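# Breakdown of the fold
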Amino acid sequence: METLLTLTQQILNGLLTGTGYVLIALGLTIIYGIYRVINMAHGIFYMCGGYFCYVFATLLGLNTYLSMLLSMILTGGIAAAVERIVFRPLQGSPDWVFLVVGIGLYFTLENFGWIVEGPLPLHVHAYATQVTLRTAGLYFNLQKLVMAGVCLSLLLLLYYILRRTDVGRAMRAVSADPEAAKLMGISPGKVSMVVFYLGGAFAASAGSLVGSLSSINPTMGFSPQLMAFIIVVFGGMGSILGTVIAGLFVGVFQNVIAWAIAPKYGYAITMLLLLIIFIIRPKGLFGEKS
Amino acid sequence: MKKGRLFIALGIAAGIASIPAIAREDTVHLIVVTGIWIIVTSGLNLLTGYMGHVSFGQAGFFGFGAYISALLSKMGLSVWLSFPISAMVTGAVGVLLGLGILRLSGAYFAIGTLILGEVLYSVYYNWSPVTGGYMGLMNIPPLGFELPFMGEVTFSLVHWFYFVNLVLFLLVIFMRKLVRSQFGRELIAIRQNESLAESLGVNVKARKLQCFGISCLLAGLGGAFYSHFMGHVSPSSFAVGRSLEFITIVIIGGLASLIGPFFGSYVLIIMSLYMEFLGAWRMVVYGLIIIFVMMFARGGIVSAIEKCFGVELRR
């Protein structure tokens, strides 16, 4: 009984961690859907989001969630600018060019982050991180619940944009067939900027919320970014549902392994399992048929 | 003509050989480390430049060679034996892992190697009884040789300088032969069009495995040199950042060019040294250079030199 309760707790913790992964990976997925490349600089948007949130919440003393919203708006702008300045001129180049440019961008902005933020970890002021709820023997951190709520509402928002608005229809059209979309009068450039804006904003929300749970520093984007790549590939590149399921699964799996075997092997075993699945099913669990 | 070339080659060799006499000690140290980087990136260049597979996990194999060689020599094996053994073992492990990971291609392969690098890094970091955990391994036996009347002589910095440059010389000859052979041409065919290459009778699967194996072998050899040269290894040297550094060197230097890794390694290392005056902005500039090379000079340094001076370096 005791074990079962702990296991449930671990699974729930994993689901909550997973929502953070989903938030980062969603942006990567929709960018992949339009650009057909993996954005190696995605962790930067996550870091920027966390930092802006720190500026608004801690330095200016605004409400944490208002700060998160402002930080999403700002980071989305940065992401759209990055698309316009760096990625758009490269359209039509081989895949590896985008990967390497992404690394270059990551280096540039991460180190710019060191200059702006300084080497010390920064803390986002958030009341909810100190509140723990207890029901039926299970513990929940309020901020993590908020994160799950934010994740769910952003998913619904994304769904609404994709299904019900002109921009969303244009996005789907470009994703399905860029040439035909161009012939129908859709500008792929504008669509790409919107997609990067959304991707950046989603990553910023994750950065703000996960950052408030731990701390903000310039290198905070790197390992979540790696995790997000893997989740995106695992869920089938470009599949939103796949990304959500993969993100939650990875969160749960990592937590349960860490609890059942050893905390330090949680990451390694998760990676190994993903690698094996990846090799068996290169197109991911919900991948498009090639 | 042939005589002239020989003289030029001898002149260059003499110039390189006299460096330890002129240069400061830290410069010589730097050249040795750069030499090790070139060994690793030459292998990666074969994989990425010639066969067109971008690997983001080369530091994992670099570390594998480093740990195997360190462990073997700590168990009492001669360092001279542990070099080839660790390189071979790394190559063999590369082939084994390649059986799985080479099923992927393009960006999938890149992400697959990235995960592989992470798995290897986690093993180095967490398997404390063998790898020493995050502290790594200390007191790795140095390289040495026996002299008739003087007994055991430990390799000094100058010895290392000549040793690494000799290995590099042999490596370049080997790579030149390899790239110009049927094997090298088949690798290029795979890069250009895999299914066409297969239909023309290239054994694509075998070539891919062999190429991946060679690149891992060289990464392992570089790692073995690194561990004995530094005298200690720790997992932080083999993290993803190092893999990204290797691939950046290969691409900035110039893909599918034997001289490319030389240019890439030296330029990046010199840049990181002589941009000290930029302080914290150094790494920002470093990143910007990567972006600019990709946007405006995709052939890397080698292509840029070829264009500027009208010489043919890509042989």
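Residues numbered from 1 in each chain as written. Chains lettered and ligands numbered in written order. Predicted model: local features only at pLDDT ≥ 70, side-chain atom pairs only at ≥ 80, totals over all residues.

### Points about the overall build of chain A
For chain A, the count of helices and strands is 11 helices and two strands. Mapped from its N terminus to its C terminus, chain A presents α and β elements in the order α-α-α-α-β-β-α-α-α-α-α-α-α. By the compact-globule yardstick of 19 Å for 290 residues, chain A fits well, its C-alpha radius of gyration being 19 Å. Principal-axis analysis of the C-alpha atoms gives chain A an extent of 60 × 50 × 35 Å. Among the 290 residues that make up chain A, the fraction classed as buried is 52%. Taking the contacts inside chain A whose residues are at least 6 apart along the sequence as the reference set, 76% of them involve residues at least 24 apart. (Helix = DSSP H or I, 4+ residues; strand = E, 2+ residues; numbered from the N terminus. Rg over C-alpha atoms; globule rule 2.2 N^0.38 Å. Buried ≥ 20, exposed ≤ 12 C-beta atoms within 10 Å, placed from the backbone. Contact = placed C-beta atoms within 7 Å.)

### Overview of the overall build of chain B
Secondary structure assignment for chain B yields 15 helices and two strands. In terms of overall dimensions, chain B has C-alpha extents of about 60 × 50 × 45 Å along its principal axes. Going through the 315 residues of chain B one by one, you find that 44% of them count as buried. Long-range pairs, those at least 24 residues apart, make up 74% of the contacts in chain B with a sequence separation of at least 6.

### Examining the pairing of strand β2 (residues 138-141) of chain A
Residues and elements named next belong to chain A. Here strand β1 (residues 132-135) pairs with β2 via four bridges, running antiparallel. Pairing of Arg134 across the sheet is with Tyr139, part of β2. Taking the residues between adjacent antiparallel strands as the criterion, β1 and β2 are bridged by two residues, where Ala136 takes a positive phi near 50°. (Pairing = 2+ DSSP bridges.)

### Remarks on helix α12 (residues 240-253) of chain B
Residues and elements named next belong to chain B. Spanning 14 residues, α12 covers 20 Å between terminal C-alpha atoms, matching the ideal 20 Å at 1.5 Å per step. By the criterion of burial, α12 is predominantly enclosed, with 10 of the 14 residues buried. Every buried residue of α12 is listed here: Ser243, Leu244, Phe246, Ile247, Thr248, Ile249, Val250, Ile251, Ile252 and Gly253. (Expected span 1.5 Å × (residues − 1).)

### So, the packing of helix α4 (residues 58-74) of chain B against α12(B)
Residues and elements named next belong to chain B. Interaxial distance between α4 and α12 falls to 7 Å at its minimum, and their mutual angle equals 110°. With respect to α12, the axis of α4 lies roughly perpendicular. In this structure, α4 uses Gln58, Ala59 and Phe62 to contact α12, whose residues at the interface are Arg242, Ser243 and Phe246. Its residues placed into classes, the contact of α4 with α12 shows three nonpolar, two polar and one charged. (Axes fitted to C-alpha atoms, helices over the stretch in contact; angles between N-to-C directions. Parallel < 35°, antiparallel > 145°, perpendicular 65-115°, else oblique. Nonpolar A, V, L, I, M, F, W, Y, C, P; charged D, E, K, R; others polar.)

### Some thoughts on unusual backbone geometry
All names here are of chain B. For Asn139, which is not a glycine, the phi torsion comes out positive at approximately 50°. Among the secondary structure elements, Asn139 is positioned in the loop between α7 (128-131) and β1 (144-147). Within the chain, Ala256 stands out as a residue other than glycine whose phi angle is a positive 55°. Here Ala256 lies in the loop between α12 and α13 (260-274). Residue Ala256 is classed as buried on the basis of its 22 C-beta neighbours within 10 Å.

### Focus: the confidence of the model for chain B
Model confidence for chain B is summarised by a mean pLDDT of 86, while 98% of its residues fall at 70 or above. Interface scoring of the predicted complex returns ipTM 0.79; its pTM is 0.84. (pLDDT = per-residue confidence, 0-100.)

### Digging into the interface of chain A and chain B
With 35 residues of chain A at the contact, the number on the chain B side is 35 residues. The biggest single contributor to the side of chain A that touches chain B is helix α4 (residues 95-117) of chain A, with 15 residues. Broken down by class, the residue content of the side of chain A that touches chain B amounts to 30 nonpolar, three polar and two charged.

### A short note on the nonpolar core
Formed by 184 residues in total, the largest nonpolar core has its most connected members in A:Leu99, A:Ile231 and B:Ile115. Counting residues per element, this core draws most heavily on helix α8 (residues 188-213) of chain A, which supplies 14 residues. Beyond its immediate stretch of four places on either side in the chain, A:Ile231 contacts A:Tyr21, A:Ala25, A:Thr243, A:Ala246, A:Gly247 and A:Val250. (Core = buried A, V, L, I, M, F, W, Y, C linked by C-beta atoms within 7 Å.)

### Looking at the packing of α4(B) against helix α11 (residues 204-230) of chain B
Residues and elements named next belong to chain B. At a minimum axis distance of 6 Å, the contact between α4 and α11 shows a crossing angle of 50°. What the angle tells us is that α4 and α11 run oblique. Judged by the twist between their axes, the crossing of α4 over α11 is right-handed. Of the residues in α11, those touching α4 at Gln58, Phe61, Phe62, Gly63, Phe64, Gly65, Ala66, Ser69 and Ala70 are Cys216, Ala219, Gly220, Leu221, Gly222, Gly223, Ala224, Tyr226, Ser227 and His228. Of the residues that constitute the contact of α4 with α11, the class distribution is 10 nonpolar, nine polar and no charged. (Left-handed = near helix turned anticlockwise from the far one by under 90°.)

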